[in-house]
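# Geometric and topological summary
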Amino acid sequence: MSTWTPQPAGLQEILQTIRDSTDTQGNVQRAITHKLNTFTRVPDYIAYLAYILTALPQEEDQIRMIAGYLLKNNARLLLNVSPEVAEYAKSAVLQAFVSSPPLIRNAAGHDIVAFLGALEPRNWPDCLQQLVNMLDSPDPALQEAAFSVFEKACEDFPRKMDVEINGTRPLDYMIPKFLVLSEHPMPKMRSHAVACLSYFVPINSQSLFAHIDAFIACLFKRASDEDPSVRRHVCQALVLLLAARPEKLMPEMSNVAEYMLYSTKDKNESVALEACEFWLTFAEDPDLAAFLHPLLGRVAPVLLDCMIYGEDDLLWLDGDTEDTNVPDKETDIKPRHYGGKTHGLDRDQAEANGQDRKRGAYGEETLDDEDEDDYDLDDDDFADEMSTEWNLRKCAAAALDVLAVRFGSELLNVLLGPLKNKLWSAEWLERESGILALGAMAEGCIDAIEPHLTTLVPYLINTLNDPKPLVRSIACWTLGRYASWCTQPISEQHKNSYFVPTMEGLLRMVLDDNKRVQEAGCSAFATLEEDAGPELVPYLEPVLRNLVFAFEKYQHKNTLILYDAVGTLADAVGRALQNPAYVEILMPPLTSRWAKLSDNDDDLIPLLECIASVTIAMGPAFSPYALPVFQRCVNIIHQSLLQYQAYQQNPDLDEPDKSFLVVSLDLLSGLAQGMGMHLESLIGQTSPNLLQLLTVCLKHPQAPVRQSAYALVGDLAMGCFQLLRPHLPAIMAELIEQLDPEPKVEFISACNNAAWSVGEVALRYGRDDPEFQQWVNPLIARLIPILLHPKAPRSLHENAAVSIGRIGLMHPNVVAPHLPEFAQAWCLALYEIRDNEEKDSAFRGLCTLVQTNPAGIAKSLLWFCNAIIRWHQPSAELNSMFQQLLSGFKHHDEAGWAAQVSSFPPVIQERLATRYGV
């Protein structure tokens, strides 16, 4: 037992601070939080907290529980304290767990889990042993509490539990123990047992899989358990098995499927939700499609029925009110994560299929491994239809979505009858769920549904008149899912029958008197804007007037979504927004809001993001508003850099929020793109000088700041190079340093933007410029390894290839000797990219390098020819270079050329002959 004892004065100070923390006034809370944070530097702080939790029964339970909560949150301090303090804290929480009343025992249980997580079980084996012994305690409450600790530990860190300690694996005796306890007379014990066992499935624990048959038998035995919590964990275990070891379930799949179908209809929603997850997991695994296919006819209708709102949902939603004048609660507003601007290249549509689905429609994350950018949770395809939490309705809709992608028309054939019944039902809840299902199936079943859209789209537009706000909001979302069909420029009749009525209907919903409908209408309209693009230009005046009117009508939360819709509109219609009439409609409400917000108001971030898109679209027409916008951005950047400098000098301060700095840099990028050399007078009038601040931002420790700073360098190079040029010697040193073939995940976007911006700078210097020439070799020495690195993200390969091409275009004699090193990788990086000016200049660079060093392409000729024939419409200059090079190869050695081309795939041979006569 540790000999540590508290000092009375220190104990009283911590106790009094904890007592004061129960004061609910905001300013008091902030001061208390700061004081509690300073305590963490006291070497034995956690021992004091453990003492208050364990040894002061005379204190109120609330005070002791707060001490326990603080102890849990500071568990990592255990790793840096003296052995005496650590020993005291560990023994004290175990003592409190064994011999305290329920509330204190519960707090001590959370502390034990946190301690085990921080220390790892292998460094606290006697705790594991004591908990296992408690499972056999004659005290049922202690038994259950100990098992509850095990469940949390197994859920939070199963890998740390699955280790060898002193030559034995605790799980080797714990797993059989859990299997026995799955038949315990107490339902809570059975529930904990099944849960603990299931958490070792995803990590392929050998201790569990040694008993896999007994485990599966246990699951079947507990499948009909009277307790819903046990049944929920059985369903969860079957889901985890299906994901990790499906072959173990396949022999019993007919029984498992029956059970899961039955459980998906369970009256207890938590059981039904876990069962529904089974179908989502099943559908997501393409290797299991053959096993799922025969079940489609039974599974899909059950999922459809799960999509109806439950009574609890309706109570929570209170969806019938006209609440447009009711202010939002601050808790309604989700935090936004602003990730900054990243430069990327679009791929050809044929190549990009399947690349864009980053987020499911129902809030579930589907980020793939290559997704290196920050993503914004407000960009969900499906604005939350209910509460923010995952539930049966959302899970069923997500499962239907994945089934649609997997089985397409076959799913529609199964659901056509039930779906029609729902869509034309007299019951509004049935209709609403049918519309949700129709939207969920949009992506996968579009080919099969398309013939029906001439009926379904007018049905959805008409449904926007439904008296029930929840029906109107889901109709908005589903129309958004079919926006790409509505906006297709098929014919005038198609436009007048579907596009215009959809646009008008959604604009009405933007101005609905129900906030949920406003949100759904605004989000769906933003989707329509993206798909329609320039098709919206003839309707810009009514669209802008509607959106501007919404600024007067909306409460806080929906105003943030409205900023996104305005920014998306600007991106969609581009320079059409320069019309003075449109500027006059849009700018006053934006500048009015801009004037009301302080420089540290979180709402300034989405507004600046919106204005960045507007400035690019309006171009020089934005000039009357540019000076105050420019000045404010420079001020925010300056203040942010000063705050960060203060934080670096005094780490006790809170780390400043980088978002204001990042979004200000991005808005200045927008101004550079929109106004070009018109920025010269603004830079001259503003102090401190933007370009000096920019050089500091390029060295900022936070990657998103550097990311946006490099984007601004590239945009300034494009729009106002002469202003940038005097500062480039300092800037280029930072750019070169940032180029890394294997950046950490959080640095990828910054590296991307650096790689892109050096190409823009190279182009602006011009051919064989002596100042830029000093940087060519250092740049090429960094860019080629990025291009050749197998683990570098594809976006980085692409930006590196473009910049190598552009530097080669300007300095061919320096770059051409390196051509054999990178030619094949270069062609592979860019052949899928959609035709655009960037790609054109990069390919002109490659052709110039080939002209300078023809032997350098010899071993990569197949890849070069493949990249050439992938172009749809090269510029006249580039096409002439292709023709000249290919003809030169042929005439230099006709027999050799013919032999080589004969080995190419037929499509390459055919296009070379048709387009270039070679």
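One can find the structure itself at the top, above this paragraph.
Residues numbered from 1 in each chain as written. Predicted model: local features only at pLDDT ≥ 70, side-chain atom pairs only at ≥ 80, totals over all residues. Heavy atoms only, no water.

Orientation of helix H26 (residues 453-463) relative to helix H27 (residues 469-481), taken along the N-to-C sense of each, is 145°, at an axis distance of 8 Å. As for the relative orientation of H26 and H27, their crossing is left-handed in sense. Residues Val457, Leu460, Ile461 and Thr463 of H26 touch H27, and the partners they reach there are Val471, Arg472, Ala475, Thr478 and Leu479. Classifying every residue of the contact of H26 with H27 gives six nonpolar, two polar and one charged. (Axes fitted to C-alpha atoms, helices over the stretch in contact; angles between N-to-C directions. Helix = DSSP H or I, 4+ residues; strand = E, 2+ residues; numbered from the N terminus. Left-handed = near helix turned anticlockwise from the far one by under 90°. Contact = heavy atoms within 4.5 Å. Nonpolar A, V, L, I, M, F, W, Y, C, P; charged D, E, K, R; others polar.)

Before going further, it helps to spend a moment on the nonpolar core. Counting 336 residues, the largest nonpolar core has Phe150, Trp279, Trp826 and Phe864 as its most contacted members. Not counting the four nearest positions on each side in its chain, Phe864 is found in contact with Cys827, Leu846, Cys847, Val850, Ile857, Leu885 and Phe889. (Core = buried A, V, L, I, M, F, W, Y, C linked by side-chain atoms within 4.5 Å. Buried < 20%, exposed > 50% of the residue type's maximum accessible area, 1.4 Å probe, protein only.)

The next subject is a negative patch on the surface. Residues Glu269, Glu311, Asp312 and Glu389 make up a contiguous surface patch of negative charge. Residue position: Asp312 is located in helix H20 (residues 311-317). The exposed category is assigned to Asp312, whose relative accessible area is 62%. (Patch = residues over 30% accessible without salt bridge, like charges linked within 9 Å, V, L, I, M, F, W, Y side chains within 5 Å. Areas by Shrake-Rupley, 256 points an atom, 1.4 Å probe, with all protein chains shown as cover. Salt bridge = Lys/Arg side-chain N within 4 Å of Asp/Glu carboxyl O. Lys, Arg positive; Asp, Glu negative; His and termini not counted. Charge placed at Lys NZ, Arg CZ, Asp CG, Glu CD.)

Glancing now at helix H32 (residues 556-573). Over its 18 residues, H32 extends 26 Å from the first C-alpha to the last, a length consistent with the 26 Å expected when each residue adds 1.5 Å. Where burial is concerned, most of H32 is hidden: 14 out of the 18 residues are buried. Positive backbone phi, approximately 60°, marks Gly574, located one or two places after H32. (Expected span 1.5 Å × (residues − 1).)

The next subject is the environment of Ile308. With respect to the secondary-structure elements, Ile308 resides in the loop between helix H19 (296-306) and H20. Residue classification places Ile308 among the partly exposed positions, given a relative accessible area of 23%. Taking the C-alpha atoms as reference points, Ile308 and Arg393, 85 residues apart in sequence, are found 6.6 Å from one another. Apart from the residues lying within four places of it in its own chain, the contact partners of Ile308 are Lys422, Leu429, Glu430 and Ser433.

Okay, the pattern of salt bridges next. Under the criterion given, the structure shown has 35 salt bridges. The partner of Arg232 in a salt bridge is Glu274, with the nearest N and O atoms 3.8 Å apart. Of this pair, Arg232 sits in helix H14 (residues 228-244) while Glu274 sits in helix H17 (residues 269-284), placing them 42 residues apart in sequence. Between Arg545 and Glu541 there is a salt bridge, with its nearest N and O atoms 3.2 Å apart. Here Glu541 and Arg545 lie together in helix H31 (residues 540-553), a separation of four residues that amounts to about one turn. Residue classification places Glu541 among the partly exposed residues on the basis of a relative accessible area of 36%. Through salt bridges that share partners, Glu760, Arg764, Arg806, Glu837, Asp840 and Arg844 make up one connected network.

Time to look at H17. Under the 1.5 Å per step criterion, the end-to-end length of H17 is 22 Å for 16 residues, consistent within 8% with the ideal 22 Å. Extensive coverage of H17 is indicated by the burial of 13 of its 16 residues.

A word on the side chain of Glu760. Mapping Glu760 onto the fold places it in helix H41 (residues 748-765). Taking the relative accessible area as the measure of exposure, Glu760 reaches 2% and is therefore buried. For Glu760, the side chain forms a polar contact with the side chain of Trp756, separated by 3.3 Å. Within the structure, the side chain of Glu760 is placed 2.4 Å from the side chain of Arg764, a separation counted as a polar contact. What Glu760 contacts, discounting residues up to four positions off in sequence, is Gly714, Ala717, Met718, Arg806 and Glu838. (Polar contact = N/O pair within 3.5 Å; in protein donor to acceptor, adjacent residues only side chain to side chain.)

Moving on, we come to the side chain of Asn866. Along the polypeptide, Asn866 turns up in helix H47 (residues 861-869). Sequence-distant contacts of Asn866, defined by excluding residues within four places in its chain, comprise Tyr831 and Ile908.

Attention now moves to the packing of aromatic side chains. In this structure the tally under the stated criterion is 25 aromatic pairs. Where Phe39 meets Tyr45, the ring centres are 5.8 Å apart and the plane angle is 40°; that geometry is what we call tilted. Exposure remark for Phe39: the relative accessible area of 7% places this residue in the buried category. Judged by centre distance (5.3 Å) and plane angle (35°), the ring pair of Phe147 and Phe178 falls under tilted. Of this pair, Phe147 sits in helix H8 (residues 140-156) while Phe178 sits in helix H10 (residues 170-181), and the two are 31 residues apart along the sequence. For Phe147, a relative accessible area of 0% translates into the label buried. Among the aromatic side chains, those forming a connected cluster through ring pairs are Trp826, Phe843, Trp871, Phe882 and Tyr916. Sitting above the plane of the Trp871 ring, Lys839 keeps its charged end 4.5 Å from the centroid. (Phe/Tyr/Trp six-rings, centres within 6.5 Å; stacked < 30°, edge-to-face > 60°. Lys NZ or Arg CZ within 6 Å of the ring centre and 35° of its normal.)

Here the focus is the environment of Cys476. Secondary-structure assignment places Cys476 in helix H27. Judged by its relative accessible area of 0%, Cys476 falls in the buried class. Distance from Cys476 to Lys188, taken between C-alpha atoms, is 44 Å for residues 288 residues apart in sequence. Contact partners of Cys476, with chain neighbours within four places excluded, come to Leu464, Leu506, Met509, Ala520, Gly521 and Ala524.

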